[in-house]
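# Report on the structure
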Amino acid sequence: MRVIAVWSIKGGVGKTTAAVNLAALAAREGARALLWDLDPQGGASFLLRVSPRRKASPRRLARRSVELRRMVRATDVPNLDLLPSDLTYRTLELELNARKSPSRRLAVKLTPLDGHYDWVVLDCAPSVTLVSEAVLHAADDLLVPVIPSALSLRTLEQTRRFIAQTRSKAVRVLPFLSMVDRRRRLHREGCERFAGGAEGFLRTIVPMSSIVERAAEARLPLFAVAPSSRATRAFASLWQEVREQSASPTD
Amino acid sequence: MTSDTGDRETNRRVLALEAPLPPERLAAALQPEGEVAVGRAVQLQRTYLDSFDWRVWGSGGRLVLEESGGRQSLHWHPGAMSPVTAPVAGTVRFASDLPAGPIRRDLAPILEMRALLPMGRVALRQRLVRVLDGQRKTVALVWWEERSGCTAIRLRTEVLTGYERAGEAVHRRLLALESVTPAGESELALAAAEHGRRPGDYSSRIDLELKPETPAGEAARAVLRRLADTLRANVDGAVEDLDTEFLHDLRVAVRRTRAALGQLKAVLDPEAAAPYVEELRWLGNATGPCRDLDVFQLNVEGYRKELAPDTAAALQPLADRLHHMRAQSHRELAADLRSRRFSGFIKRWDAFLDSDRLCADTATATLPVRSVAADHIQRAYGRFLNRAQGMGPQPPAEGMHRLRIDAKKLRYLLEFFASALGKSAARPLVRELKAIQDTLGAYHDLHVQQLRLQEVGRELLTDNGTGADTLLAMGRLSAFLETRQEQHHHDFARRFATFSDKSVRKAVARLGGAGERAR
Ligand SMILES: Nc1ncnc2c1ncn2[C@@H]1O[C@H](COP(=O)(O)OP(=O)(O)OP(=O)(O)O)[C@@H](O)[C@H]1O
Ligand SMILES: [Mg+2]
């Protein structure tokens, strides 16, 4: 089981889009995948049309004795399960805080799922909180979408520093260019600067595309809406890279 | 009947309908559970895959290949987990052809070297009927399936993780429909029956249920019949070379038969059996080389992983050569198994097994099998102990060979008559025997492989193209095999100590029944 967190301090950079589509791509290949929506906005849960089970709650989620498996729901994408979220999950922070070693809690909760899932993808809220710290302890890889702008690059630096401060063992940071609009000079420059994987960036560039909006409207993964569009192919190649970077969980 | 006896797919249930049921009626029946979406009709070819000896089915799982519109997907239903599906291109024969991920990971240890074969095929028209919630999320699935040339409908429901309540509700609504009942027989069983197969119908084990009081002659006949069935069952697969286990099982059946004839002389008439003994020896010899090469080929890949990378790479010509030799040897094997000599033998042997001439006209043949079997096993065990003790802790190579054969004979006797002796009575002996046999068997395989290596070495040497690095690497491999062999040699003393331990001796002495036969 490999845990990939899609993570950024910055909002609206394409985290949820990447999380949903990468998890769906993993599932489509025949792996068992779990997407964990950790954002009370519930973007991933919305895109997959799943709301939390009635008996699920942030309190139970934080409790050590309650198995995550019991809160999981199957999505309409074969092999893909989801741990959904909604606004009530804003209290997860408080619930974690009320327990022992809160920053390790998510990692602890995930342990029993090993052997059941090949990939766990965490969709995180854009903030620096206890939950995001707990994510750092749970994840093997941190996938960071970066829109090529001065501000975004600064947050990437902040992200790296935050990780250095909080993290005991090394988590791999994998930034990639997201929502790139080649008509913009800054974006073109960003692409040149990070082309070919410079400064630890993944090579794939995810373009700005109306297909993404369309897929969000249809509440489907990109490949189900426009199988051969540029954006779909970009996510497929991003997934390929992520998979190659992670030691393959299957052998 | 509420349990779904036929199908063991855990989160799936299959319902059968005698009468046709239009999908619209199905949709109407499910309406109270939510919005119902009926998918378009799809032509589907479903193939159940399993090894010849039903390993997938035996694990409690199902592996299904579905083809529709030129696309193939594999569906793996493990016994205890939710199903997983993956697209596949090309044919899937061995575990290594399975898509990387959970399907291969789960099935590789189950299948090992066995090939996946189509055990049953079904052509279907399928519609997916989904029950949706307010967000148009699927909360329950029903596959409406009509078999080609058949009006009866099957409905498969799948309970989705996290939507158990909706799934159960849908299932109940379906059961309430007129003329719907849980499917009695699984589709796999029905489809397999068309090929004359039944799940679990083959196993290389001798799983006979002998009664302790059955006359020994009749018990021996049952054993031999069972072995003849196994032998025959494996011929086609061995000739077609579907996987290496067909030949393996065939050879084991031959060896067991020979052992039975040799060991049970007080029960079976040795004179009447003499011509068959000769034919069985021929068959043993005819099938030997190909099997040895199979074992070497299966092992060599493992050896290469343990050697230094450049040594492993330099061994490629050896691997190629073995491949070539094996192909040649298989051609000869196939010719033998297709020969008139072979078919004639099988025919005569079958007739002989049914005849009165099989059993000896002795008192022993009429005694209860339990006491006769115990007596034979006790003597075989004693023989083994005597021979081993006479040779000391590190027997010479020839001694190891003899011991291996003795151990095999003992093992076969135990397997033949385990049911009559009571499985628990024989257990300690079987366990220790397995351990010592592993050591003796590995020692022997390594011996055969070293001889083969020398032979190939000589051949490659006369081939002008062979590089010195290859010959050197083979030298290294040979040294490696020798070290291994030495380890097994070394292990023998320890294994023998456990095998001849008091507890095992006691278990053996008690085999005939407590107090009945003091030896
Ligand atoms: N490549 C893209 N092209 C066009 N639109 C995109 C692309 N990626 C994301 N979007 C859109 O941008 C918006 C924000 O995307 P998304 O929700 O994935 O970001 P996020 O980082 O998860 O946001 P938040 O920080 O709020 O969780 C959404 O409306 C989404 O549809
Ligand atoms: Mg988001």
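Owing to the predicted nature of the structure, the values given are computational and were not obtained by experimental measurement. For every chain, the first residue of the written sequence is number 1, and numbering continues from 1 along that sequence. In the order they appear in the text, chains get letters beginning with A and ligands get numbers beginning with 1. Totals for whole chains, interfaces and linings use all residues, but because this is a predicted model, local features are given only for residues with pLDDT of at least 70 and pairs of side-chain atoms are given and counted only at 80 or more. Working from all heavy atoms in the structure, the side-chain values ignore hydrogens and water.

## A closer look at the sheet that holds strand S2 (residues 33–37) of chain A
All names here are of chain A.
- In this scheme, strands are said to pair when DSSP sees at least two bridges between them. Strands are runs of DSSP state E lasting at least two residues, helices are runs of H or I lasting at least four, and both sets are numbered from the N terminus onward. Judged by pairing direction, the sheet is mixed, and its eight strands sit side by side in the order S3-S4-S2-S5-S1-S6-S7-S8 without closing on themselves. With one partner strand each, in any of the chains shown, strand S3 (73–74) and strand S8 (205–207) form the two edges of the open sheet.
- As paired elements, strand S1 (residues 2–6) and strand S6 (residues 141–146) share three bridges and run parallel to each other. Its bridge partner lying in S6, Ile 4 is registered against Asp 141.

## Some thoughts on unusual backbone geometry
Residues and elements named next belong to chain A.
- Notably, Met 179 is not glycine yet its phi reads approximately 55 degrees, a positive angle.
- By the element assignment, Met 179 lies in strand S7 (residues 172–180).
- Exposed residues in this analysis have more than 50% of their type's maximum accessible area, buried residues have under 20%, and partly exposed residues fall in between, with area computed by a 1.4 Å probe over protein chains only. Take Met 179: its relative accessible area is 26%, and that puts it in the partly exposed class.
- Of note in the backbone geometry, Glu 199 takes a positive phi value of approximately 55 degrees without being a glycine.
- As for its position among the elements, Glu 199 is in the loop between helix H8 (185–194) and S8.
- Judged by its relative accessible area of 46%, Glu 199 falls in the partly exposed class.

## A closer look at the domain arrangement of chain B
- Throughout the structure description, domain borders are defined by an automatic or database domain assignment. Examined at the domain level, chain B breaks down into domain 1 (13–193), domain 2 (216–361) and domain 3 (368–513).
- For domain 1 of chain B and domain 3 of chain B, the distance between their C-alpha centres works out to 46 Å.

## Some thoughts on the packing of aromatic side chains
Residues and elements named next belong to chain B.
- What counts as a ring pair is set by centres within 6.5 Å for rings of Phe, Tyr and Trp (its six-membered ring), and what kind of pair is set by the plane angle: stacked under 30 degrees, edge-to-face over 60, tilted for all other angles. Applying the stated criterion across every chain yields a total of 16 aromatic pairs over all chains.
- Ring centres of Tyr 303 and Phe 480 lie 5.7 Å apart, and the angle between their planes is 70 degrees; on these two criteria the pair is classed as edge-to-face. Taken together, the positions of Tyr 303 in helix H8 (residues 270–306) and Phe 480 in helix H15 (residues 468–499) put the pair 177 residues apart, joining distant regions of the chain. This pair shows no difference in class: Tyr 303 is buried, exactly as Phe 480 is.

## As for the interface of chain B and chain A
- The contact criterion used is simple: two residues touch if any of their non-hydrogen atoms lie within 4.5 Å. Each side of the interface is counted separately: chain B has 26 residues, and chain A has 26 residues.
- Salt bridge criterion: a side-chain nitrogen from Lys or Arg within 4 Å of a carboxyl oxygen from Asp or Glu. Counting across the chain B and chain A interface gives three salt bridges.
- One salt bridge connects Arg 105 of chain B with Asp 118 of chain A, and the closest N-O pair in it is separated by 2.7 Å.
- Within 3.5 Å is the distance limit for a polar contact, defined as a pair of N or O atoms, with the added protein rule that one can donate a hydrogen and the other accept it, and that residues adjacent in sequence qualify only through two side-chain atoms. Between the two partners, chain B and chain A, sit 13 residue pairs in polar contact (both at pLDDT 80 or more).
- Three residue categories are used. Nonpolar comprises Ala, Val, Leu, Ile, Met, Phe, Trp, Tyr, Cys and Pro, charged comprises Asp, Glu, Lys and Arg, and polar comprises the others, including Gly. For the side of chain B that touches chain A, the residue count by class is ten nonpolar, seven polar and nine charged.

## Considerations on the site of ligand 1
Residues and elements named next belong to chain A.
- The nearness test applies per residue and asks whether one of its heavy atoms lies within 4 Å of the molecule or strand. In the vicinity of ligand 1 there are 17 residues, among which Gly 12, Lys 15, Thr 16, Thr 17 and Ser 209 approach most closely.
- The contact in question runs from an oxygen atom of ligand 1 to an N or O atom on the side chain of Asp 39, over 3.5 Å.
- Within the side chain of Gln 41, an N or O atom sits 3.4 Å from an oxygen atom of ligand 1.
- Within the residue set of the shell around ligand 1, elements represented by two or more residues are helix H1 (15–28), S8 and helix H9 (210–218).
- Here the element with the most residues in the shell around ligand 1 is H1; it accounts for three residues.

## Details of the nonpolar core
- Definition of nonpolar core: a set of buried residues of the types Ala, Val, Leu, Ile, Met, Phe, Trp, Tyr and Cys, connected through side-chain atoms within 4.5 Å. Core analysis: the largest hydrophobic core is formed by 91 residues, its most contacted members being Phe 384 and Phe 417 of chain B.
- Beyond its immediate stretch of four places on either side in the chain, Phe 417 of chain B contacts Leu 210, Ala 219, Val 223, Leu 264, Val 369 and Ala 373 of chain B.
- Ranked by size, the runner-up nonpolar core spans 64 residues in total, among them Ile 4 and Leu 238 of chain A together with Val 36 and Ile 153 of chain B.

## What to know about the pairing of strand S4 (residues 62–68) of chain B
All names here are of chain B.
- A large share of S4 lies buried, amounting to five of its seven residues.
- Across five bridges, strand S3 (residues 42–50) lies against S4 in antiparallel orientation. Bridging across to S4, Arg 46 finds its partner in Glu 66.
- The sheet contact formed by S4 and strand S5 (residues 71–77) spans seven bridges and is antiparallel. Considered in S5, the bridge of Val 64 is made with His 75.

## Description of helix H6 (residues 130–138) of chain A
All names here are of chain A.
- With eight of nine residues buried, H6 lies mostly within the body of the structure.
- For H6, the complete set of buried residues consists of Leu 130, Val 131, Ser 132, Ala 134, Val 135, Leu 136, His 137 and Ala 138.
- Contact partners of the buried residues in H6: S1, helix H4 (92–97), helix H5 (105–110), strand S5 (119–123), S6 and helix H7 (150–166).
- Taking the backbone nitrogen of Val 131 as reference, a side-chain oxygen 3.3 Å away marks Thr 129 as the first, capping residue of H6.

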